[in-house]
Amino acid sequence: MDSMQTRKIPLRRKIYLGFHHALYSLRHARFSTIVILILLTAVALVSLLPIVYVICNAFKPLEELFVYPPQFFVRNPTMQNFTDFMYATDVSTVPFSRYLFNSATVTLVTTALTIVFSLCCAYAFSKLKFPGQKGLFQMITIALMFSPEAVVITRYLIVNSLNLIDTFWAHILPHLALPMGVFLIKQFMDQVPDSLCEAAKIDGANEIRILWSIITPAVLPAVGAVLIIAFQNVWGDMTTSTLYTVSESMKTLPYFVNSLTSGLTASSVARKGATAAAGLLMLLPNFIIFAVLQKSMIETMVTSGIK
């Protein structure tokens, strides 16, 4: 009988009861808890501002894009920017599908290989013993301090010496070494007891079987974090298209988006709206990947912890 009465409660009543319960909890919460909640809410809102700005820019008409001082929110939303973007893809020398295919292929292959290499390197540093182990890991730690711009010339010399200019590998190879990925995964692997690996060796498992069957499931949160970092590094990068490719058919989507407004010509100014729409399209994959993996990372940390 009570369950039947609970089902008949109107939706407005349920919302009111939920809001009243939240207010009651805030009233009886500690002052420090309330302060922390307010600070976390403020940080979350500030973190969302860049995403909101990109979304608003994609729907702004040209007069709002060039207004001074700049406006944060859109006042008269329009779809003209997306129409201009489609027109820009139609008149380009290379089909838009080619840029998209190049970016998707390079991003998927690079992200997958980066995760594999990071797992193998982290396993070697965490669970194996070999001469110069500490020195090599210190070199990887030191590499975290260098920005990608500091090794542009070195990367170009390596790609050129391997005869990879104007190939897909010219996009992939410079991104495979991810010191942050090795560092993060190794920290998680250090928490896995060595006794698990020793028991697996007694049962006849080799190093590869131990890595993929025992270690990898335990470090899935770190793998998810590395996947996000690797995906973002590759998806929005246009350095490889600028330095390591010559033909237009081998360039990626970020290069094409940047070329829409390159220079100070009247056509580039007119394509400002198309660039704003393209910026939103470039943001969506990153946002989706982060949203999906964030949930999986939390579930993995809760359900696959080592007791």
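Residues numbered from 1 in each chain as written. Predicted model: local features only at pLDDT ≥ 70, side-chain atom pairs only at ≥ 80, totals over all residues. Heavy atoms only, no water.

### Focus: the overall build of the chain
So, point 1. A tally of helices and strands in the chain yields 17 helices and zero strands.
So, point 2. Here the chain holds 307 residues, and 30% of them are scored as buried.
So, point 3. Sequence-distant contacts, at least 24 apart, represent 71% of the contacts inside the chain between residues at least 6 apart.
So, point 4. For the chain, the accessible surface area stands at approximately 19400 Å², while carbon and sulfur atoms represent 69% of it. (Helix = DSSP H or I, 4+ residues; strand = E, 2+ residues; numbered from the N terminus. Buried < 20%, exposed > 50% of the residue type's maximum accessible area, 1.4 Å probe, protein only. Contact = heavy atoms within 4.5 Å. Areas by Shrake-Rupley, 256 points an atom, 1.4 Å probe, with all protein chains shown as cover.)

### As for unusual backbone geometry
So, point 1. Even without a glycine there, the phi angle at Asn163 is positive, about 55°.
So, point 2. Turning to its location among the elements, Asn163 is positioned in the loop between helix 8 (152–161) and helix 9 (168–176).

### Brief notes about the packing of helix 11 (residues 194–202) against helix 12 (residues 207–218)
So, point 1. It is at 10 Å that the axes of helix 11 and helix 12 come closest, and there the two elements cross at 130°. With respect to their mutual orientation, helix 11 and helix 12 come out oblique. Classified by chirality, the crossing of helix 12 by helix 11 is right-handed. Contact residues: Leu196, Cys197, Ala200 and Lys201 in helix 11; Glu207, Ile210, Ile214 and Ile215 in helix 12.
So, point 2. The residue makeup of the contact of helix 11 with helix 12, split by class, is six nonpolar, no polar and two charged. (Axes fitted to C-alpha atoms, helices over the stretch in contact; angles between N-to-C directions. Parallel < 35°, antiparallel > 145°, perpendicular 65-115°, else oblique. Left-handed = near helix turned anticlockwise from the far one by under 90°. Nonpolar A, V, L, I, M, F, W, Y, C, P; charged D, E, K, R; others polar.)

### Quick word on the side chain of Thr216
So, point 1. On the secondary structure map, Thr216 appears in helix 12.
So, point 2. Contacts of Thr216, omitting those with residues within four sequence positions, involve Leu119 and Leu211.

### Looking at the side chain of Thr114
So, point 1. For Thr114, the location among the structural elements is in helix 6 (residues 96–127).
So, point 2. There is a polar contact of 2.6 Å between the side chain of Thr114 and the backbone oxygen of Thr110.
So, point 3. Not counting chain neighbours up to four residues away, the residues in contact with Thr114 comprise His175, Leu176, Leu178 and Ala230. (Polar contact = N/O pair within 3.5 Å; in protein donor to acceptor, adjacent residues only side chain to side chain.)

### Points about a nonpolar patch on the surface
So, point 1. Taken together, the side chains of Leu281, Leu284, Phe287, Ile288 and Val292 define a hydrophobic patch exposed on the protein surface, amounting to about 440 Å² of accessible area.
So, point 2. Within the secondary structure layout, Leu281 lies in helix 17 (residues 272–303). (Patch = residues over 30% accessible without salt bridge, like charges linked within 9 Å, V, L, I, M, F, W, Y side chains within 5 Å. Salt bridge = Lys/Arg side-chain N within 4 Å of Asp/Glu carboxyl O.)

### Observations regarding empty space enclosed by the protein
So, point 1. Scanning all chains against the criterion turns up one cavity of 30 Å³ or more.
So, point 2. Here the largest cavity defines a volume of roughly 50 Å³.
So, point 3. Lining the largest cavity are Ser103, Val106, Thr107, His171, His175, Val234, Asp237, Thr240, Thr252 and Pro254.
So, point 4. By residue number, the principal contributor to the lining of the largest cavity is helix 6, which donates three residues.
So, point 5. Of the residues contributing to the lining of the largest cavity, the split by class is three nonpolar, six polar and one charged. (1 Å grid on protein atoms, 1.4 Å probe; cavity = no way out; pocket = protein on both sides within 12 Å on 5 of 7 lines; lining within 4 Å. Points joined across faces, edges and corners; volume = space filled by probe spheres on them.)

### Focus: the pattern of salt bridges
So, point 1. For the coordinates displayed, the defined rule picks out three salt bridges.
So, point 2. For Asp194, the salt bridge goes to Lys127, with nearest N and O atoms at 2.8 Å. With Asp194 in helix 11 and Lys127 in helix 6, this residue pair connects regions lying 67 residues apart in the sequence.

### So, the confidence of the model for the chain
So, point 1. When pLDDT is averaged along the chain, the result is 80; 82% of the residues meet or exceed 70.
So, point 2. The spread of mean pLDDT over the elements of the chain runs between helix 1 (residues 2–7), the lowest at 46, and helix 6, the highest at 91.
So, point 3. Low pLDDT (under 50) marks residues 1–6, which in the prediction has one contact with non-local residues, meaning those over four places away or in another chain. (pLDDT = per-residue confidence, 0-100.)

### Overview of the layout of surface pockets
So, point 1. Taken as a whole, the largest pocket spans an internal volume of roughly 1100 Å³.
So, point 2. Taken together, 36 residues line the largest pocket, and the ones lying closest to its centre are Arg155, Pro174, Ala177, Leu178 and Pro179.
So, point 3. Counting only elements with at least two residues in the lining of the largest pocket, the list comes to helix 6, helix 7 (133–143), helix 8, helix 9, helix 10 (179–189), helix 13 (220–235) and helix 14 (239–243).
So, point 4. Residue classes in the lining of the largest pocket are distributed as 24 nonpolar, nine polar and three charged.

### A closer look at the packing of aromatic side chains
So, point 1. Counted by the stated rule, this structure contains 13 aromatic pairs.
So, point 2. The interplanar angle of 65° and the centroid separation of 6.5 Å between the aromatic rings of Phe85 and Phe256 together place this pair among those described as edge-to-face. Of the two residues, Phe85 is situated in helix 5 (residues 80–91) and Phe256 in helix 15 (residues 253–259); the sequence distance between them amounts to 171 residues. For the pair Phe85 and Phe256, a shared accessibility class is recorded, and that class is buried.
So, point 3. Between Phe101 and Phe168, the aromatic rings sit 6.4 Å apart at their centres with planes inclined by 80°, giving edge-to-face as the arrangement. Residue Phe101 is found in helix 6, and its partner Phe168 is found in helix 9; the two are separated by 67 residues along the sequence. (Phe/Tyr/Trp six-rings, centres within 6.5 Å; stacked < 30°, edge-to-face > 60°.)

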